[in-house]
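Working through the structure, step by step
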Amino acid sequence: MVQAKTWILKQHFEGFPKDSDFELKTEQLSEPKDGEVLLEAVFLSVDPYMRPYSRVRMQAGDVMIGTQVAKVIQSNNPSFPVGCHVVGRGGWRTHTVSDGSELIKLLDDWPQDVSLSHALGAIGMPGLTALYGLEEVCAIKPGETLLVNAAAGAVGSVAGQIAKLKGCKVVGSAGSDEKVAYLKEMGFDQAFNYKTISSLEEALKNASPEGYDCYFENVGGPFSSVAIAQMKAFGRIAVCGGISLYNDTSPQTGPYPHLHMIFKQLKMEGFLVSRWEHKNKESLKRMLTWMQEGKLKCKEHVTVGFENMPAAFMGMLRGENIGKAIIKV
Ligand code: NDP
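The structure reproduced in this document is the subject of the present report. Everything numeric in this text was worked out from a predicted model, so none of it was measured.

On a plain count of helices and strands, the protein chain comes out with nine helices and 15 strands. Over its C-alpha atoms the protein chain spans a radius of gyration of 20 Å, differing by no more than 12% from the 20 Å that the globule rule assigns to 329 residues. C-alpha atoms of the protein chain, sized along the principal axes, occupy 65 × 45 × 35 Å. Evaluated residue by residue, the protein chain yields a buried proportion of 50% over its 329 residues. By sequence separation, contacts in the protein chain at least 24 residues apart represent 68% of the contacts at least 6 residues apart. Carbon together with sulfur atoms contributes 52% to the accessible area of the protein chain, which is approximately 15000 Å² in total. The average position of the 35 basic charges and that of the 36 acidic charges among the side chains of the protein chain differ by 3 Å.

See below:
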């Protein structure tokens, strides 16, 4: 019998998460039955969505939601033989018994020299989010100017690089000078540290005096109000996330965007990456090829040790990560 370590949401987060909101528990797993497999986590992901989704999808006492790259260590399911790797949605747990229905096998031709952890980052959900936000929501075209915030993170860094591959001018905003240097290293045309500038409006104007055709929105709040005013006529805004709002205990208010939206005839669309799930296989192959060709660079911020998952999650929300925040068991 296998024992799984799990991280439980002990109580719902109020404001910024704290250590006492989490509890490490041990669970006895039963032997996998017919059609089931036993999985061992290799890499786990901490993502911003866990914060807002914890409220709507979870109850106190539940295992924290999340995805992981896991190895099949026992199998009674021919689709998932022992030794194969999958992306599973078992949450924050070291071992999982699964009937396979929610498992996604890694691409068959996953290259030996690419870490499997990228299946949780650029060659996984965050990478797909970047791709679909640009292609499906913004319908970005060569020569256009893109603004992306949280630009040094998992989604933002891929979005900026894909836009460069498509022949666009890219402006990125991030929360440290080290992140800004990373954005420039990745080929962003302009990048700034939103925490140290004196005026966001001026920073956006300086970076692109002619304005922005597309805005990949990861942050929300006051940043958004200022950025919307800098859009060009018929600009498109892909509302991917609003991380500056996730820990709010009372709503923020700000200048409302209506007049800019009307006068500039802007289009603003929220989206979930799952809308284009039918395209995932082809999209992941495309991004893996870019990665192998050196066109897509993907940094990771790796925390070692399952016991450090809450710290890694809170660190990511605080902005400690450059690239994808990953936990190596
Ligand atoms: P990141 O790797 O970008 O990590 C989060 C980053 O957000 C931090 O590193 C930090 O960077 C930044 N941040 C935190 N707090 C603030 C704040 N108050 N103001 C501005 N920036 C802040 O995460 P992901 O790339 O995984 O996610 C990026 C966004 O995309 C999130 O909003 C997420 O919810 C959204 N998302 C949406 C999906 C969808 O289907 N719609 C799917 C996946 C992600 P910094 O140092 O720059 O502040």
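Turning our attention to the packing of helix H2 (residues 125-138) against helix H3 (residues 154-165). Packing of H2 against H3 brings their axes to within 8 Å, and their N-to-C directions diverge by 45 degrees. As judged from the angle between their axes, H2 and H3 are oblique. Considering how the two elements wind past one another, H2 and H3 form a crossing that is right-handed. Counting all contacts with H2, which are made through Pro-126, Gly-127, Thr-129, Ala-130, Leu-131 and Leu-134, the residues of H3 involved are Ala-154, Val-155, Val-158, Ala-159, Ile-162 and Ala-163. Of the residues that constitute the contact of H2 with H3, the class distribution is 10 nonpolar, two polar and no charged.

Let us now look at the pattern of salt bridges. Here the structure, examined in full by the defined rule, presents 18 salt bridges. The salt bridge partner of Asp-47 is Lys-324, with a shortest N-O separation of 3.3 Å. Of this pair, Asp-47 sits in the loop between strand E3 (37-45) and helix H1 (50-57) while Lys-324 sits in strand E15 (residues 324-328), and the two are 277 residues apart along the sequence. A single burial state applies to Asp-47 and to Lys-324, both of which are buried. For the salt bridge of Glu-282 with Arg-286, the shortest nitrogen-to-oxygen distance reads 3.1 Å. Remark: Arg-286 and Glu-282 occur in helix H8 (residues 280-292); sequence separation between them is four residues, near one turn of the helix. Members of the salt-bridge network, linked through shared partners, are Glu-135, Lys-166, Glu-282 and Arg-286.

Geometrically, a pair of aromatic rings is defined through the distance of the ring centres and the angle of the planes. Tallied over the full model, the rule gives 11 aromatic pairs. Between Phe-13 and Phe-22 the ring centres are 5.4 Å apart and the planes differ by 50 degrees, which places this aromatic pair in the tilted class. For Phe-13, a relative accessible area of 2% translates into the label buried. With a centroid separation of 5.7 Å and an interplanar angle of 75 degrees, the aromatic rings of Trp-92 and Phe-313 are classed as edge-to-face. Of this pair, Trp-92 sits in the loop between strand E5 (85-88) and strand E6 (95-98) while Phe-313 is found in helix H9 (residues 309-318), placing the two residues 221 residues apart along the sequence. Its relative accessible area of 0% is what places Trp-92 among the buried residues.

Neighbouring the ligand are 27 residues, the closest being Val-155, Lys-179, Tyr-194, Tyr-246 and Asn-321. Backbone polar atom of Ala-154 to an oxygen atom of the ligand: 2.9 Å apart, as the coordinates give it. Alone, the ligand offers 910 Å² of accessible surface; in the complex the protein occludes 90% of this. Across the shell around the ligand, the residue classes tally to 16 nonpolar, 10 polar and one charged.

Turning our eyes to something else, we now look at the sheet that holds strand E9 (residues 169-174). Strands sit in the order E10-E9-E8-E11-E12-E13 across an open sheet of six strands; the sheet is parallel. Two strands lie at the open edges of the sheet, namely strand E10 (190-193) and strand E13 (267-270), each paired on one side alone. The sheet shows a mean angle of 15 degrees between the axes of neighbouring strands, direction not considered. Docked against the sheet, helix H5 (residues 200-207) engages strand E8 (145-148), E9, E10 and strand E11 (212-217), running at close to 165 degrees with respect to E10.

Conventions used here
Residues numbered from 1 in each chain as written. Predicted model: local features only at pLDDT ≥ 70, side-chain atom pairs only at ≥ 80, totals over all residues. Heavy atoms only, no water. Helix = DSSP H or I, 4+ residues; strand = E, 2+ residues; numbered from the N terminus. Rg over C-alpha atoms; globule rule 2.2 N^0.38 Å. Buried < 20%, exposed > 50% of the residue type's maximum accessible area, 1.4 Å probe, protein only. Contact = heavy atoms within 4.5 Å. Areas by Shrake-Rupley, 256 points an atom, 1.4 Å probe, with all protein chains shown as cover. Lys, Arg positive; Asp, Glu negative; His and termini not counted. Charge placed at Lys NZ, Arg CZ, Asp CG, Glu CD. Axes fitted to C-alpha atoms, helices over the stretch in contact; angles between N-to-C directions. Parallel < 35°, antiparallel > 145°, perpendicular 65-115°, else oblique. Left-handed = near helix turned anticlockwise from the far one by under 90°. Nonpolar A, V, L, I, M, F, W, Y, C, P; charged D, E, K, R; others polar. Salt bridge = Lys/Arg side-chain N within 4 Å of Asp/Glu carboxyl O. Phe/Tyr/Trp six-rings, centres within 6.5 Å; stacked < 30°, edge-to-face > 60°. Near = heavy atom within 4 Å. Polar contact = N/O pair within 3.5 Å; in protein donor to acceptor, adjacent residues only side chain to side chain. Pairing = 2+ DSSP bridges.

So yeah, pure geometry; function would need other evidence.
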